Amino acid sequence: MVTSLARRLLDRYQKGLPVCSRPYAVMAAELGVTESELLDCLLHLQQDRVITRVGPVFDHHKAGASTLAALAVPPERLKAIADYVSHFDGVNHNYAREHDFNLWFVVTAGDQDALQNTLKRIETETQMPMLVLPMEKGYHIDLGFKLAWSEDAR
Amino acid sequence: MLDCALPSEADSYQLTRMDRKLIQLTQEGLPLVSRPFHQLADQLGVTASEVQARFARMQAFGVLRRIAAVPNHYRLGYKANGMTVWDVPDDRVAELGQRIGALDFVSHCYERPRHLPDWRYNLFAMVHGHSRDDVKDHIAEIAELLGSANRASDVLYSTRILKKTGLRLKGD
């Protein structure tokens, strides 16, 4: 169950929490609970995987080089090729999607040369048609969005 | 608060060794203890104010987007997501991207290069909903917003998440 405290907590802090000596005490005061109640709530949300973490969200693009890429893979080879793509440490998202280009992944690397090198290896090894679609501009990047709480949210 | 000039768009930021150590220590999350920055500082052998200043600096340069409670949308009932892609005129992409990015069911909105002839779309918007019907309604809203600027579009639903991790840095 997502408790009322948890809902208020997520609504308020998915876009950022106070960076100070005792952030959880500040959040607790703002929500009208004790610090230990707030920490308990966060721990439960994390254990239940309602939140993936309380922590920093980094911009891969600015912390190095990254790009979105896609491959058009015959369905019977999707699993094997997905596993190959995922085995690179720099691949941090890899999704099967319904389209001719059916495998979509984000490749990150320390710099452009390393990024191009990984892409070339994937293209050479798989021999599949590949799209390389780096971000040219971001208009709204994962700032969280208004959660419409539904009954199946648990 | 910051010991540096404010960054401009053109600045790129080189991560320091300390930044990298901080990222490695916190990519699974901040410690859930009363003084999380003090705990990190103890692990790194620096002061808590230095840790906070490092985060502030990375945030000022945009390397760090935010420190937050990161929801797992799937567990919150957002079980459908569609990557919508749109072919809009190049000279309107910035204006339209901003308007689509401001919609509350869109979590990411990017301009990306076309890849002709295989791929004609230059604007991507990630749309979230409780169901596919929900996502379809949202797509109709975007189409209405775009009007005649919408020359072609498609939606790619995810069928499986094969790998999803935060930013990973290899240990030194």
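This is a predicted model, so every value here is computed, not measured.

The rules behind these values
Throughout this document, residue positions are counted from 1 along each chain, in the order its sequence is written. To label them, take the chains in the order written and letter them from A, then take the ligands in the order written and number them from 1. The predicted origin of the model limits local features to residues at a pLDDT of at least 70 and limits the giving and counting of side-chain atom pairs to 80 or more, whereas totals for whole chains, interfaces and linings rest on all residues. Only DSSP runs of H or I covering at least 4 residues are called helices, and only runs of E covering at least 2 are called strands; the numbering of each starts at the N terminus. The burial label depends on the number of other C-beta atoms within 10 Å of a residue's C-beta. Counts of 20 or more mean buried, 12 or fewer mean exposed, and intermediate counts mean partly exposed, with C-beta atoms placed from the backbone. By the convention adopted here, residues make contact when the C-beta atoms placed from their backbones lie within 7 Å. Charged residues are taken to be Asp, Glu, Lys and Arg, nonpolar residues to be Ala, Val, Leu, Ile, Met, Phe, Trp, Tyr, Cys and Pro, and polar residues to be all remaining types, Gly included. For two strands to be treated as a pair, DSSP must find no fewer than two bridges joining them.

Peer 1: Can you help me understand the overall build of chain A in this one?
Peer 2: When you go through chain A residue by residue, the secondary structure sums to five helices and six strands. Overall, chain A shows an N-to-C arrangement of helices and strands of α-α-α-β-β-α-β-β-α-β-β. Burial status across chain A gives 36% buried among its 154 residues. Across chain A, the fraction of contacts at a sequence separation of at least 24, relative to all contacts at a separation of at least 6, is 58%.

Peer 1: Looking at this structure, I do not really get the interface of chain A and chain B. What am I missing?
Peer 2: The interface is formed by 62 residues belonging to chain A together with 67 residues belonging to chain B. If you list the elements that add at least two residues to the side of chain A that touches chain B, you get α1 (4–13), α2 (23–31), α3 (35–47), β1 (51–58), α4 (78–86), β3 (91–97), β5 (130–133) and β6 (137–141) of chain A. Looking at which element gives the most residues to the side of chain A that touches chain B, the answer is β1(A), with eight residues. Residues that form the side of chain A that touches chain B fall into these classes: 33 nonpolar, 14 polar and 15 charged.

Peer 1: Could you clarify how one ought to interpret the pairing of β3(A) in this entry?
Peer 2: For a regular strand, side chains alternate in direction, first toward one face of the sheet and then toward the other. Inspection of the sheet shows β3(A) paired to strand β4 (residues 103–109) of chain A by five bridges, in the antiparallel sense. Pairing of A:V91 across the sheet is with A:V107, part of β4(A). With antiparallel pairing between neighbouring strands as the criterion, β3(A) and β4(A) make up a hairpin whose turn holds five residues. Inspection of the sheet shows β3(A) paired to strand β5 (residues 152–164) of chain B by five bridges, in the antiparallel sense. When the bridges of β5(B) are listed, A:Y95 appears paired with B:I161.

Geometry only, nothing functional implied.
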